[in-house]
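# A closer look at the structure
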Amino acid sequence: MAQEPQAIELRGLARHFGERTALRDVTLSVPAGATLAVLGRNGAGKSTLLRILATLLRPHAGEVKLLGEPLPRRAFAVRAQLGYLAHEPLLYRDLSGRQNLRYHAQLHRASEERVEQLLAAVGMAGRADDPVRTLSRGMVQRLAVCRAVLHEPRVLLLDEPRANLDPAAGELIEPLIGRPAGLTRVLTSHDPRSALVEADLVLGLREGRPAFVAQPNQLDEQRLQALYG
Amino acid sequence: MRTVLAVLRKDLMLELRTFETLPAMVLFSLATFVIFHFALGRATISGQLAAGILTVTLLFASMLAINRLFVADREQGGFDAFLLAPVDRSALLIAKAAALFTFLVVLEVIAVPAFGLLLLGPSLGPPLGGLVVLLALADVALAVIGTLVSAIAVQTRARDLIGPVIGLPLLIPALIATARGAGPLLSEHGQGFPPGRWLAILALYDLVFALLAYALFDFLLED
């Protein structure tokens, strides 16, 4: 029987910014429907890894396959299947939430009904016509979640997805980006303990190099402290 | 086409919400005409002098739009959001050039009559049709080269400097053709239509740079 391709496959992945090595020797596989948590201190390479998977950065060495397609060569083929919740919301501050989402819906061939459905789901229907610059950071984050899942991607890349969200708002976005959504997810978090709860696999990065690739139950406090210490 | 219209609509909505670019272009042009009015010490001008002043003023005013064309996209993540979408990247070039072209047309609808009132001796009526054709071709050159230059400049720290430093030399042939074409139109008892060779040069220039921009733009968006 033919083996189903892994959702994400990295082999010897490396990326530099000038002299600085942002990522080096990253090798792992993430099965479809699983969640990979990427942990590490600030500057460890978490966001760089997400940007490579999002097809926004080219790897300088190694292989990257997303849904069986090699990157960056077949980036165009996977973009429709990818949702990326970046550190920045990727929304125009002077447009309203609805205008922003309709613009992204047009780029991703999603319907206006989907926009309205998402605005209602995250509790933003009432403020959808206000310029984004007038909204609180938590509200902007909820809109950013809508933008990331607008086109119903199969793979979600989540950079600090719950930043700026209170518990109630966190519950609103859970069906969209949480485990119930049933998507392949790669997430970073400033809070390793909450990330471990969600993860099936954990990549620890230290100065761009993998400190470990492990299942959450294989990680103890000591290993986590060593990563952040 | 759908992507081009989506990006164009978004850019026009942003301008309508912020009014960051067009009012600055219009005010710059009007102020320049007033400065020339007093600096030249003449009640009216005509012919090649008028054509030169009009063309150079519009060119410099367009630099304000060129410098700002991609700023919101760069500062607010619009570039990344566009690159994440499964769309042809050249749609961004076409949409941005169309937005810049629209800004230039709106500028000229206000600035050219103001030029006629403040500086120009001969009436603008008879040569208006020829001037519209000439300025439309010039606007295409400004829009295409301006978009290309702006896409390069916005990647750099000194983007406000890069735009004029790269853009103005590239636009010199278009400036010459526009000014020489407009000279006979703005002279006393002038022609109703610009000389064909200047129109042909502008059209050829538009075509060459449109093809060049189409070929290069993808590379400018790579990391």
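Each residue is numbered by its place in its chain's sequence as written, counting from 1. Numbering of ligands from 1 and lettering of chains from A proceed in the order in which they are written. Reporting of local features is limited, given that this is a predicted model, to residues whose pLDDT is at least 70; pairs of side-chain atoms are given and counted only at 80 or more, and all residues count toward the totals for whole chains, interfaces and linings.

## Concerning unusual backbone geometry
Residues and elements named next belong to chain A. Selection criterion: Here a strand is any run of E in DSSP of at least two residues, a helix any run of H or I of at least four, and the numbering for each starts at the N terminus. Backbone-placed C-beta atoms define the burial measure: a residue is buried with 20 or more other C-beta atoms within 10 Å of its own, exposed with 12 or fewer, and partly exposed in between.
Along the chain, leucine 71 connects to proline 72 via a cis peptide bond; the corresponding omega equals 5°. Assignment of secondary structure puts proline 72 in the loop between strand S5 (69-71) and helix H2 (75-79). Residues other than glycine seldom take positive phi values, yet aspartate 25 does so here, at roughly 55°. Inspection of the secondary structure puts aspartate 25 in strand S2 (residues 20-30). Taking the number of C-beta atoms within 10 Å as the measure of exposure, aspartate 25 has 15 and is therefore partly exposed.

## Let's talk about the pairing of strand S10 (residues 209-214) of chain A
Residues and elements named next belong to chain A. Short version of the rule: At least two bridges found by DSSP between two strands are what make those strands a pair.
With five bridges connecting them, strand S9 (residues 201-206) and S10 associate as antiparallel partners. The residue bridging leucine 205 from the neighbouring strand is proline 210, located in S10. The hairpin formed by S9 and S10 contains two residues between the paired strands, and glutamate 207 there has a positive phi angle of roughly 50°.

## Remarks on the environment of valine 197 of chain A
Looking at the element boundaries, valine 197 of chain A is found in helix H7 (residues 192-198). The spacing of valine 197 of chain A and proline 216 of chain A is 19 residues in sequence and 7.8 Å in space, taken between C-alpha atoms.

## Some remarks on the interface of chain B and chain A
Going by this rule: Any pair of residues counts as being in contact when their C-beta atoms, constructed from backbone geometry, are within 7 Å of one another. Residue polarity is assigned by list, with Asp, Glu, Lys and Arg as charged and Ala, Val, Leu, Ile, Met, Phe, Trp, Tyr, Cys and Pro as nonpolar; anything else, Gly included, falls into the polar class.
Contacts between the two partners involve 21 residues from chain B and, on the opposite side, 24 residues from chain A. Looking at the side of chain B that touches chain A, the elements that each hand over two or more residues are helix H1 (2-18) and helix H5 (78-84) of chain B. For the side of chain B that touches chain A, the element with the highest residue contribution is H1 of chain B, accounting for eight residues. Split into classes, the residues belonging to the side of chain B that touches chain A amount to eleven nonpolar, five polar and five charged.

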